[in-house]
Amino acid sequence: MRRSVIAIIALAIASPAFAAPKTIVGKWKMLGQQCTVTAGAIEIGPKSLGSDEYVCRFKNVSRSGYTVTWNGTCQDPYSGSQRTRVVATEKSGRLYLSYNGRRDANGPYERCAR
């Protein structure tokens, strides 16, 4: 009986409900597009995010479950450098981004094959 209880607890802990969220660091592409910068792919680092149109550098990062929040600056050729809060949420393998509360018009994104 004791073995079966331990086995049940071990299976419960190993289940997806108890699994820690995967990192979102890596390369992500727009749905149905190629995984290239010119096709709209983005590259996420621990404290950075960028594409062919902009680059963001962050001073602090926080995570709550499947949502990551970065605070720092983003720079693009049109607006220059601006203070920016980026929120990224992963749901069912899709990544949704918002910049200063405005949803990213190119998303959602899907992870590029490695």
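These figures come from a predicted structure and were not determined experimentally.

What counts and how
- For every chain, the first residue of its written sequence is number 1, and the numbers climb from 1 along that sequence.
- Only residues with pLDDT of at least 70 get local features here, since the model is predicted, and only at 80 or more are side-chain atom pairs given and counted; chain-wide, interface and lining totals rely on the full set of residues.
- Excluding hydrogens and water, the side-chain values take into account all heavy atoms of the structure.
- Where helices and strands are cited, they refer to DSSP runs of H or I of at least four residues and of E of at least two residues respectively, numbered from the N terminus.
- Under the convention used here, a 1.4 Å probe and the Shrake-Rupley method define accessible areas, while residue burial counts only the protein chains that appear.
- Basic side-chain nitrogens of Lys or Arg form a salt bridge, by our definition, when they fall within 4 Å of a carboxyl oxygen of Asp or Glu.
- Of the two site types, the cavity is a set of points on a 1 Å grid over the protein atoms alone where a 1.4 Å probe fits but cannot get out, and the pocket is an open set with protein on both sides within 12 Å along at least five of seven lines, each lined by residues with an atom within 4 Å of a point.
- Grid points are joined across faces, edges and corners, and a volume is the space filled by probe spheres set on the points.
- Here the term charged refers only to Asp, Glu, Lys and Arg, the term nonpolar to Ala, Val, Leu, Ile, Met, Phe, Trp, Tyr, Cys and Pro, and the term polar to all other amino acids, Gly among them.
- At least two DSSP bridges between two strands are needed for those strands to be called paired.
- For this analysis, residues touch if any pair of their heavy atoms sits within 4.5 Å.
- Two N or O atoms form a polar contact when they lie within 3.5 Å of each other; inside protein one atom must be a possible hydrogen donor and the other a possible acceptor, and for residues adjacent in sequence the pair counts only when both atoms belong to side chains.
- Here pLDDT means the predictor's own confidence in every residue, given as a number from 0 to 100.

**Some thoughts on the overall build of the protein**
Argument step 1. A tally of helices and strands in the protein yields 1 helix and 9 strands.
Argument step 2. Listing each helix as α and each strand as β along the protein from the N terminus yields α-β-β-β-β-β-β-β-β-β.
Argument step 3. About 7800 Å² of surface is accessible on the protein, with carbon and sulfur atoms providing 55% of the total.

**Examining the pattern of salt bridges**
Argument step 1. Applying the stated criterion across every chain, the model contains 2 salt bridges.
Argument step 2. Residue K29 is joined to E110 by a salt bridge in which the shortest nitrogen-to-oxygen separation is 3.8 Å. Placement of the pair is K29 in strand β1 (residues 26-30) and E110 in strand β9 (residues 109-111), with a sequence separation of 81 residues.
Argument step 3. The partner of R94 in a salt bridge is E110, with the nearest N and O atoms 3.4 Å apart. Here R94 is found in strand β7 (residues 94-99), whereas its partner E110 is found in strand β9, with 16 residues between them in sequence.
Argument step 4. When salt bridges with common partners are traced through the structure, they connect K29, R94 and E110 into a single cluster.

**A look at the layout of surface pockets**
Argument step 1. As a volume, the largest pocket reaches approximately 550 Å³.
Argument step 2. In this structure, the largest pocket is lined by 27 residues; those nearest its centre are E53, Y54, D76, Y99 and D104.
Argument step 3. Listed by contribution, the elements that provide at least two residues to the lining of the largest pocket are β5 (67-76), β6 (80-91) and β8 (102-103).
Argument step 4. Residue composition of the lining of the largest pocket, grouped by class: 11 nonpolar, 10 polar and 6 charged.

**Describing the pairing of strand β4 (residues 55-64)**
Argument step 1. Summarising the sheet, strand β3 (residues 48-50) and β4 pair through 3 bridges and their orientation is antiparallel. Bridging across to β4, L49 finds its partner in C56.
Argument step 2. With antiparallel pairing between neighbouring strands as the criterion, β3 and β4 make up a hairpin whose turn holds 4 residues.
Argument step 3. Of the strand pairs in this sheet, β4 and β5 are connected by 9 bridges, and their pairing is antiparallel. Counted as the bridge partner of R63 is V68 from β5.
Argument step 4. Where β4 folds back on β5, the antiparallel hairpin that results is connected by 2 residues, among which G65 adopts a positive phi of roughly 65°.

**Quick look at the environment of W28**
Argument step 1. Within the element layout of this structure, W28 appears in strand β1.
Argument step 2. In this structure, the C-alpha to C-alpha distance between W28 and I44, residues 16 residues apart in sequence, is 7.8 Å.
Argument step 3. When neighbours within four sequence positions are excluded, W28 is seen to be in contact with A41, I42, I44, E90, G93, L95, Y109, E110, R111 and C112.
Argument step 4. At 2.8 Å, the side chain of W28 forms a polar contact with the backbone oxygen of I24.

**Things to note about the confidence of the model for the protein**
Argument step 1. Residue-level pLDDT values for the protein average 84, and 82% of them are 70 or greater.
Argument step 2. Per-residue pLDDT, averaged within each element of the protein, yields its smallest value for helix α1 (residues 2-14) (45) and its largest for β7 (96).
Argument step 3. Considering only residues more than four positions removed or in separate chains, one finds that residues 4-16, a stretch of pLDDT under 50, has 2 contacts.

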